[in-house]
Amino acid sequence: MTSNDRGQRPATVMHVRCPDRLPEEVYRQVLELLADLSPVVQALPPSAALVELKGALRYHHADARRLGEVLRVRAISRLGTDVRIGIGPSITVAATASARIEPPGGVLAVAPDQVTDWLGPLPVQALHGVGSRQADILHDYGIHTVALLAAVSPATVQRLLGGRAGRLAADRARGIDPRPVIPRALPATLSVRHCFDQHVLDGADARAALLRLVVELAMLLRRRGQAARALTLQLTFAQGGSWEKTRRLLEPSAHDDDLRTLAYRLMDAACLQRGRLTRIALRGDDLIDADQVAQQISLDTTREARLVAESSVDRVREKFGAGVIGPAAAFRRAS
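Residues numbered from 1 in each chain as written. Predicted model: local features only at pLDDT ≥ 70, side-chain atom pairs only at ≥ 80, totals over all residues. Heavy atoms only, no water.

Engineer: Outline the side chain of Arg174, supporting the account with residue identities and numerical values.
Structural biologist: Position of Arg174 among the secondary structure elements: in the loop between helix 9 (163–173) and strand 6 (190–200). Of the side chains bearing the opposite charge, Asp171 lies closest to the buried Arg174, which forms no salt bridge; the N-O distance is 5.7 Å. (Helix = DSSP H or I, 4+ residues; strand = E, 2+ residues; numbered from the N terminus. Buried < 20%, exposed > 50% of the residue type's maximum accessible area, 1.4 Å probe, protein only. Lys, Arg positive; Asp, Glu negative; His and termini not counted. Salt bridge = Lys/Arg side-chain N within 4 Å of Asp/Glu carboxyl O.)

Engineer: Tell me about the pairing of strand 1 (residues 13–17), and please be specific about residues and values.
Structural biologist: The buried count for strand 1 comes to four of five residues, which makes it a mostly enclosed element. Relative to strand 3 (residues 48–52), strand 1 is paired through five bridges, and the arrangement is antiparallel. Within strand 3, the residue paired with Val13 across the bridge is Glu52. With five bridges joining them, strand 1 and strand 4 (residues 84–88) adopt antiparallel strand pairing. Bridge pairing links Met14 to Ile87 in strand 4. (Pairing = 2+ DSSP bridges.)

Engineer: An account of the packing of aromatic side chains is requested, with residue identities and associated values reported.
Structural biologist: Evaluated as defined, the whole model comprises zero aromatic pairs. In this arrangement the basic side chain of Arg207 is found over the ring face of Tyr264, its NZ or CZ atom lying 4.5 Å from the centre. (Phe/Tyr/Trp six-rings, centres within 6.5 Å; stacked < 30°, edge-to-face > 60°. Lys NZ or Arg CZ within 6 Å of the ring centre and 35° of its normal.)

Engineer: Give a detailed account of the packing of helix 10 (residues 203–224) against helix 11 (residues 256–270), specifying residues and quantitative values.
Structural biologist: Helix 11 packs onto helix 10 with a crossing angle of 140° between their chain directions and a minimal axis gap of 9 Å. When the axis of helix 10 is compared with that of helix 11, the two are oblique. For the crossing formed where helix 10 meets helix 11, the hand is right-handed. Along the contact surface, helix 10 presents Ala206, Arg207, Leu210, Leu211, Val214, Val215, Leu217, Ala218, Leu221 and Arg222, while helix 11 presents Asp256, Leu259, Arg260, Ala263, Tyr264, Met267 and Asp268. (Axes fitted to C-alpha atoms, helices over the stretch in contact; angles between N-to-C directions. Parallel < 35°, antiparallel > 145°, perpendicular 65-115°, else oblique. Left-handed = near helix turned anticlockwise from the far one by under 90°. Contact = heavy atoms within 4.5 Å.)

Engineer: Go over unusual backbone geometry with me, naming the residues and quoting the values.
Structural biologist: Going from Pro103 to Pro104, the amide bond is cis rather than trans, its omega being 10°. Within the secondary structure, Pro104 is located in the loop between helix 4 (91–99) and strand 5 (106–109). Positive phi is not limited to glycine here, since His61 has a value of about 55°. Position of His61 relative to the elements: it lies in the loop between helix 2 (54–60) and helix 3 (64–79).

Engineer: Pulling in residues and values, what's your account of the sheet that holds strand 3?
Structural biologist: Judged by pairing direction, the sheet is mixed, and its five strands sit side by side in the order 2-3-1-4-5 without closing on themselves. If you trace the sheet from one side to the other, it starts and ends with strand 2 (41–44) and strand 5, each paired once. Direction aside, the axes of adjacent strands within the sheet are offset by 15° on average. Looking at chain direction, strand 4 and strand 5 are connected through four bridges and run parallel. Residue Gly86 lies in a different strand from strand 5, and its bridge partner there is Leu108.

Engineer: Describe in detail the pattern of salt bridges, supporting the description with residues and values.
Structural biologist: Applying the stated criterion to the full structure yields eight salt bridges. In this structure, Arg72 and Asp82 form a salt bridge, with 2.8 Å as the shortest nitrogen-oxygen distance. Taken as a pair, Arg72 in helix 3 and Asp82 in the loop between helix 3 and strand 4 lie far apart in primary sequence, ten residues in all. Residue class for Arg72 comes out partly exposed when judged on its relative accessible area of 26%. The exposure class assigned to Asp82 is buried, which follows from its relative accessible area of 13%. With its nearest N and O atoms 2.5 Å apart, the salt bridge here joins Asp285 to Arg283. Residue Asp285 shares its accessibility class with Arg283, and that shared class is buried.

Engineer: Outline the nonpolar core, supporting the account with residue identities and numerical values.
Structural biologist: Counting 34 residues, the largest nonpolar core has Leu235, Leu277, Ile280 and Leu282 as its most contacted members. Per-element accounting of this core gives the leading share, eleven residues, to helix 10. The contact partners of Leu277, leaving out residues within four places of it in the chain, are Phe196, Gln198, His199, Val200, Ala206, Leu235, Thr236, Phe237 and Leu272. (Core = buried A, V, L, I, M, F, W, Y, C linked by side-chain atoms within 4.5 Å.)

See below:
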């Protein structure tokens, strides 16, 4: 039984792939472009999104491919970035289509009556939701294409791949995917991380790396017009263990000094001693819009001067790059 036999809906699902290393602020702007097309947008960070076009087709008096082309033009002209857009009657078909487009971008629409013929010749690993390990198992049994996978009984696929995974793979090979697009914005968190080239024992090197992350996180928050209510520090060790702790700020902030003070307290709480670090991650949690933060009247002239300097430093970074200026201690390099 094919998806069409089950009354498959028209091609109204759009899957958008952005460049892998797209800055988060640009990714958010892509989401805003999608919201101009349809109110039903599901963010799939860090570089993809889903759009339900059913209502948008009526509103814009255009077909799905045309809306995809409009989106691509807007992304290039307004944001200077290209996107890959797959369109189909289900999430699986749309996501599989977007992955078949060669970078930097393009639009590929698969109509409901084309799904079986289009999916059939594709290698099984090209089917959205089929991972490399699953593909290897299928290859061992001579199942190399989606058409061959669709021809195998679902019960057999379940025995090969496991119950749920096999059922999903069998259905999706036939174009069956009833999942709806669920509106979802980006989570109210922001993470930055640093991986060491070598295992780090020196506490000063670890603290310098943490300070660089503090500066990066604070700068990104200010760019996004947000402030963090809490910070989470995650440490990964060479032995494979990890440590994580979250603490709340006294007041929401996106300022270097506030975040640095709390980040250092979190680092001190870790009691590193002789732990060999391989990775540090710092996350701003429970983010709010900066204009929601109450502006306190301050008599601390030193702090006020630092905030003014911070604005100037941000302008320098915007013009010449993030690494051209910062705290001297942040430029200490781990050996």
